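Read off the chains here:
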Amino acid sequence: MELNDQLGYNLYRAALLFRRELIRALREHDLTPEQWQTLASLWAHGPLSPSEIARVTLQDLPSISRMLSRMEKRGWVGRVEDPKDGRSFRVELTQEGSQLQTILPPLIFEHFEGVLDGFPEARRRKLLELLRELRQVLGDPTP
């Protein structure tokens, strides 16, 4: 069987290519895709634990710890005591991190509109529907 006929190969290649474009879109703000996912999750859900961030970004906790340290140094997030467990902390947005919500989503949307110009909107919606279904089948822990 040829690689181009395999679902896994095509998903993997598409993910790599999509990630490359996301890196390009985020480059001017010196953000990684994982930092972007973290910010977007914090915008949507409020403070999260490192474990919750790991579940969203599909990274291990040591990687999350390093990423959060870099994000703290940039002034985008801070740590607050977990009200349910004083030994733990949650990550929350700073004012600067909150302000990025007005900048980054439109920037990314505009970038991908240009990249996906030749891919019709109806097919994008269908692909999104199928990918969500596939994620669910594969046991993705995020909604």
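What you are looking at is a predicted structure, and each value in this text was computed from that prediction instead of being measured.

Student: Explain unusual backbone geometry residue by residue, including any values.
Tutor: Here Asp30, not a glycine, exhibits a phi torsion of approximately 55 degrees, which is positive. A residue is classified by how much of its surface remains accessible, and Asp30, at 54% relative accessible area, is exposed. Backbone geometry places Leu58, a non-glycine residue, at a positive phi of 60 degrees. With respect to the helices, strands and loops of the structure, Leu58 is situated in the loop between α3 (50-57) and α4 (61-73). Looking at Leu58, the relative accessible area reads 69%, which means it is exposed.

Student: Which residues make up the pattern of salt bridges, and what are the values?
Tutor: Scanning the entire structure with this criterion turns up 11 salt bridges. Salt-bridge contacts for Glu121 lead to Arg124; the nearest nitrogen and oxygen are separated by 3.7 Å. With Glu121 and Arg124 both in helix α6 (residues 121-137) and three residues apart, the pair spans about one turn of that helix. Taken together, the salt bridges that share partners define one network made up of Glu113, Glu121, Arg124 and Arg125.

Student: Break down helix α5 (residues 95-115) for me, citing the residues and quoting the values.
Tutor: Between its terminal C-alpha atoms α5 stretches 31 Å, which fits the 30 Å expected from 21 residues at 1.5 Å a residue. The sharpest bend along α5 comes to roughly 35 degrees, located at Gln101, with the proline Pro105 sitting one to four residues further on. Within the sequence span of α5, burial applies to Gly97, Leu100, Leu104, Ile108 and Phe112. Each element contacted by the buried residues of α5 is listed here: α1 (7-26), α2 (33-45) and β2 (85-93).

Student: Which residues make up the packing of α2 against α4, and what values go with them?
Tutor: Close contact between α2 and α4 brings their axes to 11 Å; oriented N to C, the two are set at 75 degrees. As summarised for this structure, α2 and α4 are arranged roughly perpendicular, according to the angle between their axes. Each of Glu34, Gln35, Thr38 and Leu39 in α2 lies in contact with α4, whose residues at this interface are Met67, Leu68, Arg70 and Met71. When its residues are assigned to classes, the contact of α2 with α4 shows four nonpolar, two polar and two charged.

Student: Break down the packing of aromatic side chains for me, with residues and values.
Tutor: Scanning the model with the defined rule gives two aromatic pairs in all. Between the aromatic rings of Phe18 and Phe112, the centroid separation amounts to 4.3 Å while the plane-to-plane angle is 15 degrees, which identifies the pairing as stacked. Within this pair, whereas Phe18 is found in helix α1, its partner Phe112 is found in helix α5, the two being separated by 94 residues in sequence. By relative accessible area, which is 44% here, Phe18 ends up partly exposed. Here the aromatic rings of Trp36 and Trp43 are separated by 5.6 Å at their centres, their planes lie at 70 degrees, and the arrangement is edge-to-face.

Calculation criteria
- Residues numbered from 1 in each chain as written.
- Predicted model: local features only at pLDDT ≥ 70, side-chain atom pairs only at ≥ 80, totals over all residues.
- Heavy atoms only, no water.
- Buried < 20%, exposed > 50% of the residue type's maximum accessible area, 1.4 Å probe, protein only.
- Helix = DSSP H or I, 4+ residues; strand = E, 2+ residues; numbered from the N terminus.
- Salt bridge = Lys/Arg side-chain N within 4 Å of Asp/Glu carboxyl O.
- Expected span 1.5 Å × (residues − 1).
- Bend = angle between axes of the 7 residues up to and from the residue.
- Contact = heavy atoms within 4.5 Å.
- Axes fitted to C-alpha atoms, helices over the stretch in contact; angles between N-to-C directions.
- Parallel < 35°, antiparallel > 145°, perpendicular 65-115°, else oblique.
- Nonpolar A, V, L, I, M, F, W, Y, C, P; charged D, E, K, R; others polar.
- Phe/Tyr/Trp six-rings, centres within 6.5 Å; stacked < 30°, edge-to-face > 60°.

Limitation: the analysis is restricted to geometry and does not speak to function.
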